[in-house]
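Examining the three-dimensional arrangement
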Amino acid sequence: MTARRRFRAALAAGSARVRDIIVECAQCHGADGISIAAGAPDLAGASEAALRSQLRSFRAGRRAQHPEMRKMSRDLTRRELTAIARHYARMPAR
């Protein structure tokens, strides 16, 4: 299965809001979780716990050097945050 098909399948399985957020994430982190923007890390295959921790840090404002991530994460619920972390953790790393 191609990366794009995996991405679409994952989006189909989630809530509409989580799907919308993941589409936004893909603008920098790539549809396959492999970064397409300078300075944005690859997320595919990363630890779900580590991704959750990073998202929580952005949401709380503890990672002030990344205002874009603060803005994108500040309204995430715990469930949405977990769903996003799980989505990227399940992707194959490159």
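All of these numbers come straight from a predicted model, not from anything done at the bench.

Glancing now at the layout of surface pockets. Using a probe with the size of a water molecule, rolled over the atoms, empty space left in the structure can be pinpointed. By volume, the largest pocket is sized at about 560 Å³. In this structure, the largest pocket is lined by 24 residues; those nearest its centre are His-29, Pro-41, Leu-43, Phe-58 and Met-69. Of all the secondary structure elements, the ones that give two or more residues to the lining of the largest pocket are helix H2 (16-29), helix H3 (48-60), helix H4 (67-73) and helix H5 (78-89). The greatest single-element share of the lining of the largest pocket, amounting to six residues, is contributed by H2. Counted by class, the lining of the largest pocket contains 15 nonpolar, six polar and three charged residues.

Moving on, we get to the environment of Phe-58. Tracing the chain through its elements places Phe-58 in helix H3. Overall, Phe-58 belongs to the buried group, its relative accessible area being 8%. Taking the C-alpha atoms as reference, Phe-58 lies 6.4 Å from Ser-73; in sequence the two are 15 residues apart. When near neighbours in sequence (up to four residues on either side) are disregarded, Phe-58 contacts Arg-63, His-66, Met-69, Arg-70 and Ser-73.

Position of His-29 among the secondary structure elements: in helix H2. Its relative accessible area of 9% is what places His-29 among the buried residues. A polar atom in the side chain of His-29 sits 2.8 Å from the backbone oxygen of Pro-41. The residues contacting His-29, other than those within four sequence positions of it, are Ile-34, Ser-35, Ile-36, Ala-40, Pro-41, Leu-43 and Met-69.

It is at 10 Å that the axes of H2 and H5 come closest, and there the two elements cross at 50°. One way to sum up the angle between H2 and H5 is to call them oblique. As for the relative orientation of H2 and H5, their crossing is right-handed in sense. Facing Arg-17, Val-18, Ile-21, Ile-22, Cys-25 and Ala-26 of H2, the residues of H5 in contact are Glu-80, Ala-83, Ile-84, His-87 and Tyr-88. Grouping the amino acids of the contact of H2 with H5 by side-chain chemistry returns eight nonpolar, one polar and two charged.

Looking now at the packing of H3 against H5. Contact geometry of H3 with H5 gives a least axis separation of 8 Å together with a crossing angle of 135°. Here H3 lies oblique to H5, going by the angle between them. As H3 runs across H5, the sense of the crossing is right-handed. Each of Glu-48, Leu-51, Arg-52, Leu-55, Arg-56 and Arg-59 in H3 lies in contact with H5, whose residues at this interface are Arg-78, Leu-81, Thr-82, Ile-84, Ala-85, Arg-86, Tyr-88 and Ala-89. For the contact of H3 with H5, the per-class residue count stands at seven nonpolar, one polar and six charged.

About the thresholds
Residues numbered from 1 in each chain as written. Predicted model: local features only at pLDDT ≥ 70, side-chain atom pairs only at ≥ 80, totals over all residues. Heavy atoms only, no water. 1 Å grid on protein atoms, 1.4 Å probe; cavity = no way out; pocket = protein on both sides within 12 Å on 5 of 7 lines; lining within 4 Å. Points joined across faces, edges and corners; volume = space filled by probe spheres on them. Helix = DSSP H or I, 4+ residues; strand = E, 2+ residues; numbered from the N terminus. Nonpolar A, V, L, I, M, F, W, Y, C, P; charged D, E, K, R; others polar. Buried < 20%, exposed > 50% of the residue type's maximum accessible area, 1.4 Å probe, protein only. Contact = heavy atoms within 4.5 Å. Polar contact = N/O pair within 3.5 Å; in protein donor to acceptor, adjacent residues only side chain to side chain. Axes fitted to C-alpha atoms, helices over the stretch in contact; angles between N-to-C directions. Parallel < 35°, antiparallel > 145°, perpendicular 65-115°, else oblique. Left-handed = near helix turned anticlockwise from the far one by under 90°.

From the geometry alone we can't say anything about function, so treat these as descriptive.
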